[in-house]
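Coordinate analysis (summary)
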Amino acid sequence: MEVNQQNDWVARSLKSVWHPCTQMQHHETVPLIPVSHGRGVWLYDHQGNRYLDAISSWWVNLFGHANPRINAALREQLDMLEHAMLAGFTHEPVIQLSERLAALTQHNLGHAFYASDGASAVEIALKMSFHAWRNMGQGDKQEFVCLKGSYHGETIGALAVTDVALFKDAYGPLLRATQTVMSPDARQADEGETAADVARRAAADVERMFTERAGKIAAIIIEPLVQCATGMAMHDPLYLKLVRELCDKHGVHLILDEIAVGCGRTGTFFACEQAGIWPDFLCLSKGISGGYLPLSIVLSRDEIYQAFYDADVTRGFLHSHSYTGNPLACRAALATLDIFAEDHVLEANKARSRKLTEALAPLASHENTENFRNRGMIWAFDAVGAAPGFSRRFFTEGTKQELLLRPIGNTVYLMPPYILSDEEIDGLAARTLSVFEKTRVG
Ligand SMILES: Cc1ncc(COP(=O)(O)O)c(C=O)c1O
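Computed from a prediction, not measured in an experiment: that's the story for all the values here. (Residues numbered from 1 in each chain as written. Predicted model: local features only at pLDDT ≥ 70, side-chain atom pairs only at ≥ 80, totals over all residues. Heavy atoms only, no water.)

Here we come to the overall build of the protein chain. Regarding its fold elements, the protein chain presents 15 helices and 16 strands. For the protein chain, whose C-alpha radius of gyration is 22 Å, the value lies close to the compact-globule estimate of 22 Å for 442 residues. With respect to the principal axes defined by its C-alpha atoms, the protein chain has extents near 65 × 60 × 45 Å. Within the protein chain, the proportion of its 442 residues that are buried is 53%. Excluding contacts between residues fewer than 6 apart, the proportion of contacts in the protein chain whose partners are at least 24 apart in sequence is 71%. Of the accessible surface of the protein chain, which amounts to about 19,700 Å², a share of 53% is contributed by carbon and sulfur atoms. When the 40 basic and 52 acidic side-chain charges of the protein chain are each reduced to a single mean position, those positions are 2 Å apart. (Helix = DSSP H or I, 4+ residues; strand = E, 2+ residues; numbered from the N terminus. Rg over C-alpha atoms; globule rule 2.2 N^0.38 Å. Buried < 20%, exposed > 50% of the residue type's maximum accessible area, 1.4 Å probe, protein only. Contact = heavy atoms within 4.5 Å. Areas by Shrake-Rupley, 256 points an atom, 1.4 Å probe, with all protein chains shown as cover. Lys, Arg positive; Asp, Glu negative; His and termini not counted. Charge placed at Lys NZ, Arg CZ, Asp CG, Glu CD.)

See the structure below:
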């Protein structure tokens, strides 16, 4: 397609589309890229330029763009049923998906409640926790605890348990007060301390909070193993185990937000498996539909479900969204789970993860980086002494080198789809290094 036509799409988009998480004026200097189509790990613009989607389009895509297997499943579903309301009705895709997810939790979390976006799942978990306590005669439990640097989404309830000033501060007056505890981010280790030591310190902070306020606290919400949006802050699984014990001891629900880290991202299907624990609520979204359609799910324990099961309507969970349990989204999720099983994805990712870690060695030992870290299919490092504007400079130069990466502040991270070939792994690592060296200084 002509350059002119490409420019025309950009101009029309900037005139009519209000883009997310964007100060629109920045597009006076930062290019907007019109995507024509996607194949595998690549996104293409109208002129045939391509970009390796190394952040899986905001962490949603697992098996590549235009995946033939997910496409086929969706075509089949389209001819059967595109959507039906889920109140008073049910359908095969939502039943099968609920059963398969329950099985993946070894039936610890046997009930699936559906919504569309991650933030909606967080809202649901918060409301369910509060309402479950109220139904159990503990209506004073109205507070939520979150971690320093937490991110749980942009709606009013989810933002209240988020601790990223850039997203939260402007809306401060609208938000419910939340209790914030120390993050277990392993980068805070003092001289001689291990990641497990930091986890113990952070758990002690939770214990202090629970001891002071447990009668008032409904739930603590945690992004297990990796706090992604704050800059891929990773912690020891011990933290989750200790917090689970504290929740049991003090009567506080544990909500695990696996929206970003679920679906194999950290090496196990659910991140919490690495700590050998299950939460009371588990939020899933992003990768569960393979990156195809908006779908989010809150899995909960039987005891929670039973707390709502009653002849009294008002003791039920009367939350709904129009597209709850959309059959197409559920079918995409079933096709995604099929790929996990048929291709032994978790096993294959171990080799993929090792290979990319090796390929990134020059960045891990680079004199201008620190805190190189990896868990499963997430890699991150922090730029040392980078000139202001690093993140935007890096993104722009990346696109010139066929790379889609968006650093968070001075943290460069990679979160690619699970289909990278050896050649793509080498290319991704080499280009990340090249872009870093070119953009580190202003
Ligand atoms: C941990 C976590 N929770 C919640 C959300 C919000 O999900 P959504 O953007 O689909 O509302 C995100 C999004 O990045 C996330 O990373």
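Another point: empty space enclosed by the protein. Enumeration over the complete set of coordinates arrives at one cavity of 30 Å³ or more. Size it by volume and the largest cavity reaches roughly 50 Å³. In terms of lining, the largest cavity is formed by Trp59, Leu62, Glu258, Ile259, Ala260, Gly262, Cys263, Arg265, Ser285, Lys286, Gly287 and Tyr418. No fewer than three residues from each of domain 1 (9-66 + 348-440) and domain 2 (70-343) sit in the lining of the largest cavity. (1 Å grid on protein atoms, 1.4 Å probe; cavity = no way out; pocket = protein on both sides within 12 Å on 5 of 7 lines; lining within 4 Å. Points joined across faces, edges and corners; volume = space filled by probe spheres on them. Domains from an automatic or database assignment.)

Pairing is mixed across the open sheet formed by four strands, whose spatial order is β1-β2-β3-β15. Looking at which strands have only one partner, the edges of the open sheet turn out to be β1 (35-39) and β15 (403-404). Sheet topology note: the β1/strand β2 (residues 42-45) ladder contains four bridges and is antiparallel. Its bridge partner being in β2, glycine 38 is matched across the sheet by leucine 43. (Pairing = 2+ DSSP bridges.)

Time to look at unusual backbone geometry. In this structure, leucine 225 takes a positive phi of about 70° despite not being glycine. As for its placement among the helices and strands, leucine 225 is situated in the loop between β7 (217-222) and β8 (226-227). Notably, cysteine 263 is not glycine yet its phi reads approximately 55°, a positive angle. Examined against the element boundaries, cysteine 263 turns out to sit in the loop between β10 (253-257) and β11 (281-284). Overall, the relative accessible area of 1% leaves cysteine 263 in the buried class.

This part takes up the pattern of salt bridges. On inspection of all chains with the given rule, the structure shows 25 salt bridges. Linking aspartate 8 and arginine 12 is a salt bridge whose minimum nitrogen-to-oxygen distance equals 3.7 Å. Linking aspartate 8 with arginine 12, this pair stays in helix α1 (residues 3-16), spanning four residues, or about one helical turn. The exposure class assigned to aspartate 8 is partly exposed, which follows from its relative accessible area of 36%. (Salt bridge = Lys/Arg side-chain N within 4 Å of Asp/Glu carboxyl O.)

Under the present numbering, the feature "binding site: substrate" (unreviewed entry) in UniProt falls on Trp58, Tyr151, Lys286, Ser320 and Arg406. These annotated residues cover 349 residues of sequence, and their C-alpha atoms reach 33.9 Å apart at the extremes, leaving them scattered rather than at a single site. Lining residues of the largest cavity drawn from the annotated list: Lys286. Along the polypeptide, tyrosine 151 turns up in the loop between β5 (143-147) and α6 (156-160). Contacts of tyrosine 151, omitting those with residues within four sequence positions, involve Thr162, Val164, Phe167, Glu223, Ala229 and Asp257. Of note, arginine 406 is situated in the loop between β15 and β16 (411-414). In this structure, arginine 406 is in contact with Ile55, Trp58, Phe395 and Tyr413, ignoring residues within four places of it in sequence. (UniProt positions renumbered as here; feature names shortened; annotations may be inferred.)

Time to look at the pairing of strand β14 (residues 378-383). With six of six residues buried, β14 lies mostly within the body of the structure. By the alternation rule, side chains of β14 split into Ile378, Ala380 and Asp382 and Trp379, Phe381 and Ala383, which are all buried. When strand β13 (residues 369-375) meets β14, the two strands line up antiparallel, connected through five bridges. Among the inter-strand pairings, glutamate 370 is bridged to a residue of β14, identified as aspartate 382. Two successive antiparallel strands, β13 and β14, enclose a turn made up of two residues, where glycine 376 displays a positive phi of approximately 60°.

In the structure shown here, the tally under the stated rule is 14 aromatic pairs. Centroid distance tyrosine 151 to phenylalanine 167: 5.6 Å. Interplanar angle 70°. Geometry classified as edge-to-face. Within this pair, whereas tyrosine 151 is found in the loop between β5 and α6, its partner phenylalanine 167 is found in helix α7 (residues 165-168), the two being separated by 16 residues in sequence. Ring centres 5.5 Å apart and planes at 85° place the aromatic pair phenylalanine 381 and phenylalanine 436 in the edge-to-face group. With phenylalanine 381 in strand β14 and phenylalanine 436 in helix α15 (residues 422-439), this residue pair connects regions lying 55 residues apart in the sequence. Here phenylalanine 381 matches phenylalanine 436 in class, with each residue buried. Directly above the aromatic system of tryptophan 42 lies the positively charged group of arginine 50, at a separation of 3.6 Å from the ring centroid. The ring of tryptophan 133 has lysine 141 lying over it, and the distance from NZ or CZ to the ring centre is 4.7 Å. (Phe/Tyr/Trp six-rings, centres within 6.5 Å; stacked < 30°, edge-to-face > 60°. Lys NZ or Arg CZ within 6 Å of the ring centre and 35° of its normal.)

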